[in-house]
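Structural description and commentary
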Amino acid sequence: MALVAAASVVAVGLMATGLTGCADMSGITPQASLRDAPSLGLKANPDSGAQPTAQAPLTAEWWRDFGDEQLNTLVAQALQTSPSLKLAQARLARAQAVIEVADAATLPQLTGQLDLTRQRYTANGAVPPPLAGSIRESGTAQLNASWELDFFGKNRAALDAALGSANAAEADAQAARVLLASNVARSYFQLVRLNEQVNVARRTLAQREETLKLVRDRVDAGLDTRLELRQSEGGLPEARLQLETLLEQMALTRNALGALVGQPDGAAALAPSAQAAIKNVAVSATIPADLLGRRADIAAARWRVEASSKDVANAKTQFYPNINLVAFAGFSSIGLGNLLDSGSRQWGVGPALRLPIFDAGRLRANLRGKTADLDAAVESYNAAVIDAVRDVADQVASSQAIVRQQAEQRAAQDAAESAYEIAVQRYKAGLGNYLNVLTAETSVLAQRRLAVDLSARALDTQVALIRALGGGYTPGPAVTAGRQASAAAF
């Protein structure tokens, strides 16, 4: 204890007199600053000053709200088998191991030593007789202890940096989970869209086959010419081409979905649900003020800022004295028979102090590097925040626009279907030509395809908005290291 007290006095004296050799950290400071919610316009209703409307939190298994059991099964398979998710989990385990290493550096270290040697001593060296020129056995058995006295917080800063990195890795794993689930849902809804488009294409093909039969009957009756017959026949290859193109796209989408769930053939026989059977999920049409706390990718970026700031603190402590308390106790002798004799006992204890005096700028360069890393982490966080706000705004705008587009499309489709029925009836009655039927049919088919696409876009945008709002991410308790408290959560 007296040695520790003496070492403390020496360290304090060095700090008080400013004796840090030529190592000087002045002039090296971070330049970047974090963006907060008000600077991004995320605040209460700016027009009325009212409090923001309470937002219904997203559940961790938000995909169940669509009411499709096949989707639920696919997401569950993906979360269980996806290599990308397991990679994120492995990175988290690696970061947690680094915490244990950093935590161990704050505690006393104890090692055991046993050395047994058979040696011939030189006859022409500094070793006196009777050892000179003789062959002897020697041995050492002792315990060695050391403890770095962390007066300036170097080890604590390193531990806090490791904690920040582990918390970032944990948030990254959650972000990977949200991204994987959203990609599975979007791919599945794309498969649903293509399946609906295939149904429309098959209806189109059947409709054109019926029309061709009608035209042939009219040609046989002398009511139409071969021009109408050739026009009607040309519609069949076009319909088949569209059908084959859609079937190819379905096969590619199945392959992509199988890869996402970790089973390349897992979606080969999947029969997607009808588009009308999938529920629409109501998501808020405003950007919540707590968006920055809802997204795992932003949480990860914030924890990286925390880790970088602790790295800077650790780099600053390198400018201060390093004080270690070392001790050993054991036995050492020449001649193994005397190793455990009382006279072979040895021990020692004392402090060791290291002070940077001249390092050719190594410490300043290290501090500049860590400070630059902090600036980069801050700007990465700012970029993630800005991109998140833009992402939500885009999805909100698209959601609102799709609702308006669907209303207009339904009206246009009703009109097109009615016009087509009239054109067919007039053609059957000999009051119109076949060109009018083709024109009306083209409009009907375009509206049917557009209806499917808009419904698919609505589902896809809902998934994208859920992901943009965090996908049900809830920050858990910060990672800690044994008896050490974790870094403060943001």
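Preceding this paragraph is the structure being described.
Description of the structure in this document. (Residues numbered from 1 in each chain as written. Predicted model: local features only at pLDDT ≥ 70, side-chain atom pairs only at ≥ 80, totals over all residues. Heavy atoms only, no water.)

**Focus: the environment of Val-392**
Put simply, the test is: Elements are defined by DSSP. Helices are runs of H or I of four residues or more, strands are runs of E of two residues or more, and each kind is numbered from the N terminus. The contact definition used throughout considers only heavy atoms, calling two residues in contact when any of these lie within 4.5 Å.
Mapped onto the fold, Val-392 is located in helix α8 (residues 362-428). Separated by 78 residues in the primary sequence, Val-392 and Gly-470 have C-alpha atoms spaced 9.9 Å apart. Apart from residues no more than four positions distant in its own chain, Val-392 is found in contact with Ile-287, Leu-291, Leu-465, Ala-468 and Leu-469.

**Focus on the pattern of salt bridges**
A side chain of one charge can pair with a side chain of the opposite charge if their charged atoms are brought near each other. As a reminder, the rule being used: Salt bridges, as used here, are contacts in which a Lys or Arg side-chain nitrogen is within 4 Å of a carboxyl oxygen on Asp or Glu. Three labels apply to residues, based on accessible area from a 1.4 Å probe with only protein chains included: buried if under 20% of the type maximum, exposed if over 50%, partly exposed otherwise in between.
Applying the stated criterion to the full structure yields 13 salt bridges. With a closest N to O distance of 2.8 Å, Glu-148 and Lys-154 form a salt bridge. The same class applies to Glu-148 as to Lys-154, namely buried. The salt bridge involving Asp-394 is made with Arg-390; its shortest N-O contact spans 2.5 Å. Linking Asp-394 with Arg-390, this pair stays in helix α8, spanning four residues, or about one helical turn. According to the relative accessible area criterion, Asp-394 is partly exposed, its value standing at 33%. Through salt bridges with shared partners, one network takes in Arg-295, Asp-297, Asp-391 and Arg-467.

**Considerations on the packing of helix α7 (residues 296-317) against α8**
Which entries qualify depends on this criterion: Axis angles are defined between N-to-C directions and span 0 to 180 degrees, where every axis is a line fitted to C-alpha atoms and, for a helix, only to the segment in contact. The scheme is simple: roughly parallel for angles under 35 degrees, roughly antiparallel for over 145, roughly perpendicular for 65 to 115, oblique for anything else. Crossing handedness is read from the near helix: turned anticlockwise from the far helix by less than a right angle, it gives a left-handed crossing, and turned clockwise, a right-handed one. When residues are sorted by character, Ala, Val, Leu, Ile, Met, Phe, Trp, Tyr, Cys and Pro go into the nonpolar class, Asp, Glu, Lys and Arg into the charged class, and all the rest, Gly among them, into the polar class.
In contact at an axis separation of 9 Å, α7 and α8 are set at 165° when each is read in the N-to-C sense. One finds that α7 runs roughly antiparallel with respect to α8. Classified by chirality, the crossing of α8 by α7 is left-handed. Along the contact surface, α7 presents Ile-298, Ala-301, Arg-302, Arg-304, Val-305, Ser-308, Ser-309, Asp-311, Val-312, Ala-315 and Lys-316, while α8 presents Asn-366, Leu-367, Lys-370, Thr-371, Asp-373, Leu-374, Ala-377, Val-378, Tyr-381, Ala-384, Val-385 and Ala-388. The residue inventory of the contact of α7 with α8, partitioned by class, reads 13 nonpolar, four polar and six charged.

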